[in-house]
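Coordinate inspection notes
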Amino acid sequence: MQILFRPFHADDLPELRTWFEDAEVARRLSFPTDEWFAYVTAGETASCWAATGADDRMIGQLQIDREDSRLGYLEFVVRPDLQGRGTGTAMLRGFLAGLGQAYTALEARIEADNSVSIACCRRCGFTMLPERDADGFARAIYRMTP
């Protein structure tokens, strides 16, 4: 499956919002409000991409919140009907091989019971850190190789 990345647009919001009809997506992520969209498209401390297939249909969405010039915090979601098929792994690998190279390291904070996302990060080369963050989230880190 070929996966392409493009900046997330306002036209993508209606489709992304439908993904929150899925109970698991709604439980794991915050609903994409207009305020969220303004934040992730301002380009100052966050960036957001739509992952698409060759037909430009959105298959996933990735967000990076930049801590500093070196570290970014990763959040991603796969369209509900594609979950459990390796799409998340393919999407994340594609991002790490391309746009993700702009960061020295990426960290994902994952709910401890989210075994699917933890496994996806592991398959993509993330290292699980032994300590949880202050909110009890598991921490997975990916360091870019020079």
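Quick look at the structure, then.

Calculation criteria
Residues numbered from 1 in each chain as written. Predicted model: local features only at pLDDT ≥ 70, side-chain atom pairs only at ≥ 80, totals over all residues. Heavy atoms only, no water. Helix = DSSP H or I, 4+ residues; strand = E, 2+ residues; numbered from the N terminus. Contact = heavy atoms within 4.5 Å. Pairing = 2+ DSSP bridges. Axes fitted to C-alpha atoms, helices over the stretch in contact; angles between N-to-C directions. Buried < 20%, exposed > 50% of the residue type's maximum accessible area, 1.4 Å probe, protein only. Right-handed = clockwise from strand over helix to strand, strands pointing away.

**Some words on the environment of F137**
By the secondary structure assignment, F137 is in the loop between β6 (127-129) and β7 (138-143). F137 has contacts with R109, I110, E111 and R132, leaving out every residue within four places of it along the chain.

**Considerations on the sheet that holds strand β2 (residues 46-52)**
Across the sheet, seven strands lie side by side as β1-β2-β3-β4-β5-β7-β6; this open sheet has mixed pairing. Looking along the sheet, the strands with just one partner apiece sit at the ends: β1 (4-7) and β6. Taken pair by pair, the neighbouring strands of this sheet meet at an average axis angle of 30°, ignoring direction.

**Focus: the pairing of strand β5 (residues 105-110)**
Across the six residues of β5, five count as buried, placing the element largely inside the fold. Crossover strand β4 (residues 71-78) to β5 through helix α4 (residues 87-97) is right-handed. Inspection of the sheet shows β5 paired to β7 by six bridges, in the antiparallel sense. Within the sheet, the bridge partner assigned to E107 lies in β7 and is I141.

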